[in-house]
Amino acid sequence: MWRRFTSLPLFFSHLQQVRRADELKICQAFCTEIVKPPVEGESNSRRNIPFVAFVLGGPGSGKGTQCLKIAETFGFDHIGAGDLLRKEMHSDSENGAMIQKLMKEGSIAPSEVTVKLIKKAIESAENCKFLIDGFPRSEENRVAYERIIGAEPNFVLFFDCPEEVMVKRVLNRNEGRVDDNEHTVKERLKVYKAITLPVANHYAKKGKLYKVDGTGTQEEIFERVRPIFASLRYILCSPAAMLPSCRHKLIPTEASDSN
Ligand SMILES: Nc1ncnc2c1ncn2[C@@H]1O[C@H](COP(=O)(O)OP(=O)(O)O)[C@@H](O)[C@H]1O
Ligand SMILES: O=c1ccn([C@@H]2O[C@H](COP(=O)(O)OP(=O)(O)O)[C@@H](O)[C@H]2O)c(=O)[nH]1
Ligand SMILES: [Mg+2]
């Protein structure tokens, strides 16, 4: 290979071409899939939608911890589905009591409630790129998201962690959560295995799942996550990428979902 290049500048220009080709491949792989067909007369700008990575894994697998690091390093907005529900629970909302009961049981909140909170968070953000942490937790959640938001996620990050490690972390979390106790964590693990894992498998079949070993120190795990997001930087920084002026440009939904 060295013999093909008579000078260093030529060699580096070849390297640049290779990198450009990789960039394009990544770009294609990560293009947002539009679920709804374009509406006649709808302008292109209205079809611009945000770049979304779902972050999945069992309770205590480290989703929230790693999302903070990704958000800080790569400029994503971190939307914690559980955080949104906890905020709603502590507000005067009519859903507060219902959310508290479901969380305590380790069950999943109604999809419409969670997706509307996520939609509101996306629409009120300045950013175009989001980590949606701890969602979707069920096939029903996934379908509701795709229907209401009108798009699939760009990819899904999945933290793979043994049960005993997750339980230990949850029981040491000490954030005063109603669900961080031995009884609820057992229920949450049952729900996770029966209802959430099939969602991860759905995305694995579509080639959208990035599985990361969730054991070790926070720093060790982040070093496994970093290359995934580093490989996106061409897309996310490129003016030619699929994110031009995507602010608040979610595809309009049916009237019943518009609030
Ligand atoms: N790699 C790690 N090693 C030890 N403790 C961790 C690690 N990552 C996170 N934690 C701690 O474990 C608990 C659960 O982590 P968290 O990020 O909240 O997980 P999740 O959002 O998946 O439930 C938190 O108290 C957090 O500080
Ligand atoms: O999309 C979601 C996300 C969370 N939850 C509820 O909120 C709890 C806590 O979720 P969170 O993501 O904060 O927990 P983690 O997995 O991070 O420990 C879950 O057990 C569910 O009861 C839900 O119903 N739908
Ligand atoms: Mg969390």
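Further up the page is the structure itself.
Our subject in this report is the structure included herewith. Values in this document were obtained by computation on a predicted structure and should not be read as measured data. (Residues numbered from 1 in each chain as written. Chains lettered and ligands numbered in written order. Predicted model: local features only at pLDDT ≥ 70, side-chain atom pairs only at ≥ 80, totals over all residues. Heavy atoms only, no water.)

Thoughts on the site of ligand 2
Taken together, 19 residues lie around ligand 2, and Lys63, Arg86, Ser107, Ala109 and Arg188 are the ones closest in. Contact distances for ligand 2 include 2.6 Å between an oxygen atom and a backbone N or O atom of Ser107. Here Arg188 contributes a side-chain N or O atom positioned 2.8 Å from an oxygen atom of ligand 2. Relative to its unbound accessible area of 530 Å², ligand 2 is 95% covered by the protein chains. Among the elements that make up the shell around ligand 2, the one with the highest residue count is helix 3 (residues 81–90) (four residues). Split into classes, the residues belonging to the shell around ligand 2 amount to seven nonpolar, five polar and seven charged. (Near = heavy atom within 4 Å. Polar contact = N/O pair within 3.5 Å; in protein donor to acceptor, adjacent residues only side chain to side chain. Areas by Shrake-Rupley, 256 points an atom, 1.4 Å probe, with all protein chains shown as cover. Helix = DSSP H or I, 4+ residues; strand = E, 2+ residues; numbered from the N terminus. Nonpolar A, V, L, I, M, F, W, Y, C, P; charged D, E, K, R; others polar.)

Observations regarding the site of ligand 1
Lining the immediate surroundings of ligand 1 are 14 residues, of which Gly60, Lys63, Thr65, Arg173 and Gly216 lie closest. Within the backbone of Gly64, an N or O atom sits 3.0 Å from an oxygen atom of ligand 1. Side-chain polar atom of Thr65 to an oxygen atom of ligand 1: 2.4 Å apart, as the coordinates give it. The protein chains hide 75% of the 560 Å² of surface that ligand 1 would expose on its own. Judged by the fraction of its atoms near the pocket grid, ligand 1 is located in the largest pocket. Looking at the shell around ligand 1, the element that brings in the most residues is helix 2 (residues 63–74), giving three residues. Along the lines of polarity and charge, the residues of the shell around ligand 1 split into two nonpolar, nine polar and three charged. (1 Å grid on protein atoms, 1.4 Å probe; cavity = no way out; pocket = protein on both sides within 12 Å on 5 of 7 lines; lining within 4 Å. Sits in = over half its atoms within 2 Å of the grid points.)

Describing the packing of aromatic side chains
Counting across every chain of the model gives ten aromatic pairs. Here the aromatic rings of Phe76 and Phe229 are separated by 5.3 Å at their centres, their planes lie at 90°, and the arrangement is edge-to-face. Pair noted here: Phe76 is in the loop between helix 2 and strand 2 (77–80) and Phe229 is in helix 9 (residues 218–230), with a separation of 153 residues, a long-range link. With respect to burial, Phe76 and Phe229 carry one shared label: buried. Relative to Tyr145, the ring of Phe135 lies with its centre 5.8 Å away and its plane at 55°, an arrangement referred to as tilted. Here Phe135, found in the loop between strand 3 (129–133) and helix 6 (139–149), pairs with Tyr145, found in helix 6; they are ten residues apart in sequence, far enough to count as distant. There is no split in this pair, since Phe135 and Tyr145 are both buried. In textbook terms, an aromatic cluster arises when at least three aromatic residues are bridged by ring pairs, as seen for Phe51, Phe74, Phe76, Phe155, Tyr210 and Phe229. (Phe/Tyr/Trp six-rings, centres within 6.5 Å; stacked < 30°, edge-to-face > 60°. Buried < 20%, exposed > 50% of the residue type's maximum accessible area, 1.4 Å probe, protein only.)

Examining the side chain of Asn127
By secondary structure assignment, the location of Asn127 is in the loop between helix 5 (111–123) and strand 3. Polar contacts involving the side chain of Asn127 include one to the main-chain carbonyl oxygen of Gly75, which spans 2.9 Å. At 3.3 Å, the side chain of Asn127 and the backbone nitrogen of Lys129 are in polar contact. Setting aside residues no more than four positions away along its own chain, Asn127 makes contact with Gly75, Phe76 and Asp77. (Contact = heavy atoms within 4.5 Å.)

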